[in-house]
Amino acid sequence: MAIKYELIHKDKETGARYGVLHTPNGSFETPIFMPVGTQASVKTLEPQEIEEVSDGLILGNTYHLWLQPGDEIVKEHGGIRGFMNWNHALLTDSGGYQVFSLAKMRDINEEGVTFRHHLSGAILKMSPEKSIEIQNNLGADIIMSFDECPPFNSEYDYHKSSVERTIRWAKRGKDAHKFPDKQALFGIVQGGPYKDLRQYAIDELTKIDFPGYSIGGLSVGETKSQMYEVLEYLKDKLPENKPRYLMGVGSPDDLIIGAINGIDMFDCVLPTRIARHGTAMTSNGKVVIKNKIYEKDLSPLDEECDCKVCKNYSRSYLRHLFKGKEFLGQRLVTYHNLYFLKQLMKDIRESIKNDNLLEFKNKFFKKYYK
């Protein structure tokens, strides 16, 4: 088996899960946050730095690597790991989200999706079989079924037909998967806000029997309360002995609430994206380092953080880098934000083991969202 999930402890108050995910390229305590390396690169950081700010499991993007440089070229390097000189574990998405969010003039049918390249306009086709073929070439430890991600508040009938098609695509993808002993293929639970459709997706996907399950169609424009309502519903519905992955979620509040609702794995571009625009996550909330208030501030970015950025540089210097359009500023805040989330996930895991995740949540929210 490509992966194995061990459920070790459940928080007595919330049911949040502490476990260990075993993969061919490392074992990882969960809940875990995975930095996003869209194009075989966590933006601005080199692999040694990624090691320092992650737990060793990162995400690559099937759609982008298929288009540039091409999955066959990546395969010649021995997969993403050899391509980017990453000696740890990887997860790839299916490419479906990018097809539906970036592509121009797309046409969906039972076979798959025909669409235009989001930059060149070239006509391309993606099917469940093609998505799996690309991911087999990319060589990640964990790969995703090809799915459609409709807008959250689409009509019920559209969600219903989409879920049914996504389940059929999931079966086709599993049948096409060449390396099930090396790469774990996850099924993806869609259904928008409709609980009966979410339940139907779970029932049908568990019949196919995947080694893990992803929750899709969230953090796509719905309100926080809508997302949390879906997560709370799904909490006791998914198989307990399989890992649960909430796709595209990475703000501190969502990570904590997600863990409370039984999520084991998270990923998101949020911490790196906001870092490149000068926003840092700190123990006392967000800091927009470009603001003039920090011009003469000699204190570290976060006095409670022990990362190399906070040990070595002042807020004043970081502001100077951004105002001077120096690329180093983006690199340093990116490093800090990912380190901050790595520490947050460690604190969440410790709180679950100590049965006090709710207490931790209340203290964290009081400081971060004051």
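Residues numbered from 1 in each chain as written. Predicted model: local features only at pLDDT ≥ 70, side-chain atom pairs only at ≥ 80, totals over all residues. Heavy atoms only, no water.

Topic: the sheet that holds strand β2 (residues 17–23)
Piece 1. As summarised here, the arrangement of the three strands in space is β1-β2-β3, forming an open sheet in which the pairing is antiparallel. Each end of this open sheet is capped by a strand with a single partner; those strands are β1 (4–10) and β3 (26–30). With strand direction ignored, the average angle separating the axes of adjacent strands in the sheet is 15 degrees.
Piece 2. Taken together, the five bridges between β2 and β3 define a ladder with antiparallel strand orientation. Across the sheet, the residue bridging to H22 is S27, located in β3. (Pairing = 2+ DSSP bridges. Helix = DSSP H or I, 4+ residues; strand = E, 2+ residues; numbered from the N terminus. Axes fitted to C-alpha atoms, helices over the stretch in contact; angles between N-to-C directions.)

Here we look at the packing of helix α9 (residues 224–234) against helix α10 (residues 252–260)
Piece 1. Relative orientation of the contacting elements α9 and α10 amounts to 20 degrees, with a least axis distance of 10 Å. Taken together, the axes of α9 and α10 lie roughly parallel to each other. Of the two elements, α9 crosses α10, and the hand of that crossing is right-handed. Within the contact between the two elements, α9 uses K224, M227, Y228 and L231 and α10 uses D253, D254, I257 and G258.
Piece 2. When the residues that make up the contact of α9 with α10 are grouped by side-chain class, the tally is four nonpolar, one polar and three charged. (Parallel < 35°, antiparallel > 145°, perpendicular 65-115°, else oblique. Left-handed = near helix turned anticlockwise from the far one by under 90°. Contact = heavy atoms within 4.5 Å. Nonpolar A, V, L, I, M, F, W, Y, C, P; charged D, E, K, R; others polar.)

Things to note about a nonpolar patch on the surface
Piece 1. Together, Y313, Y317 and L328 give the surface a local cluster of nonpolar side chains, amounting to about 220 Å² of exposed area.
Piece 2. With respect to the helices and strands, Y313 occurs in the loop between α12 (308–312) and α13 (315–323).
Piece 3. Of the residues examined, Y313 reaches a relative accessible area of 31% and is grouped as partly exposed. (Patch = residues over 30% accessible without salt bridge, like charges linked within 9 Å, V, L, I, M, F, W, Y side chains within 5 Å. Areas by Shrake-Rupley, 256 points an atom, 1.4 Å probe, with all protein chains shown as cover. Salt bridge = Lys/Arg side-chain N within 4 Å of Asp/Glu carboxyl O. Buried < 20%, exposed > 50% of the residue type's maximum accessible area, 1.4 Å probe, protein only.)

Examining unusual backbone geometry
Piece 1. Omega for the bond connecting T30 with P31 falls within 30 degrees of zero, at 5 degrees, which places this linkage in the cis form.
Piece 2. Tracing the sequence through the fold places P31 in the loop between β3 and β4 (32–37).
Piece 3. For the bond running from Q68 to P69, omega is 10 degrees, close enough to zero to count as cis.
Piece 4. If you trace the backbone, P69 turns up in the loop between α2 (62–67) and α3 (71–76).
Piece 5. The backbone of N85 shows a phi angle near 60 degrees, a positive value even though the residue is not glycine.
Piece 6. For N85, a relative accessible area of 53% translates into the label exposed.
Piece 7. One non-glycine residue with positive phi stands out, namely D355, at about 60 degrees.
Piece 8. Note that D355 resides in the loop between α14 (327–353) and α15 (357–368).

Description of the packing of α10 against α15
Piece 1. The contact between α10 and α15 brings their axes to 11 Å, and the two run at 170 degrees. Relative to α15, α10 is oriented roughly antiparallel. Residue-level inspection shows P252, D253, I256, I257, A259 and I260 of α10 in contact with α15, the latter providing L357, L358, F360, K361, F364, F365 and Y368.
Piece 2. The residue inventory of the contact of α10 with α15, partitioned by class, reads 11 nonpolar, no polar and two charged.

Some thoughts on the packing of aromatic side chains
Piece 1. What the rule picks out here adds up to 12 aromatic pairs.
Piece 2. Aromatic rings pair up to connect F340, F360, F364, F365, Y368 and Y369 into one cluster.
Piece 3. The ring of F210 carries the charged tip of K174 above its face, separated from the ring centre by 5.7 Å. (Phe/Tyr/Trp six-rings, centres within 6.5 Å; stacked < 30°, edge-to-face > 60°. Lys NZ or Arg CZ within 6 Å of the ring centre and 35° of its normal.)

Quick notes on α14
Piece 1. For α14, built from 27 residues, the straight-helix expectation of 39 Å at 1.5 Å per residue is met to within 8% by its first-to-last C-alpha distance of 40 Å.
Piece 2. One or two steps after α14, the chain reaches D355, where phi turns positive at roughly 60 degrees. (Expected span 1.5 Å × (residues − 1).)

Brief notes about the side chain of N337
Piece 1. One can find N337 in helix α14.
Piece 2. Judged by relative accessible area, which is 0%, N337 ranks as buried.
Piece 3. Polar side-chain contacts of N337 include one of 3.0 Å to the backbone oxygen of P271.
Piece 4. With sequence-adjacent residues up to four places away left out, N337 is seen in contact with P271, I274, A275, T279, A280 and M281. (Polar contact = N/O pair within 3.5 Å; in protein donor to acceptor, adjacent residues only side chain to side chain.)

Some points on the environment of L59
Piece 1. In this fold, L59 is placed in strand β5 (residues 57–60).
Piece 2. L59 sits in the buried class, given a relative accessible area of 4%.
Piece 3. L59 sits 23 residues away from V36 along the chain, and the two C-alpha atoms are 4.8 Å apart.

Brief notes about the pattern of salt bridges
Piece 1. Per the stated rule, a full pass over the model turns up 26 salt bridges.
Piece 2. The shortest N-O distance in the salt bridge between K353 and E29 comes to 4.0 Å. Remark: E29 occurs in strand β3 and K353 occurs in helix α14; sequence separation between them is 324 residues.
Piece 3. Of the residues examined, E29 reaches a relative accessible area of 34% and is grouped as partly exposed.
Piece 4. In this structure, E52 engages K308 in a salt bridge whose closest nitrogen and oxygen atoms are separated by 3.6 Å. With E52 in helix α1 (residues 47–53) and K308 in helix α12, this residue pair connects regions lying 256 residues apart in the sequence.

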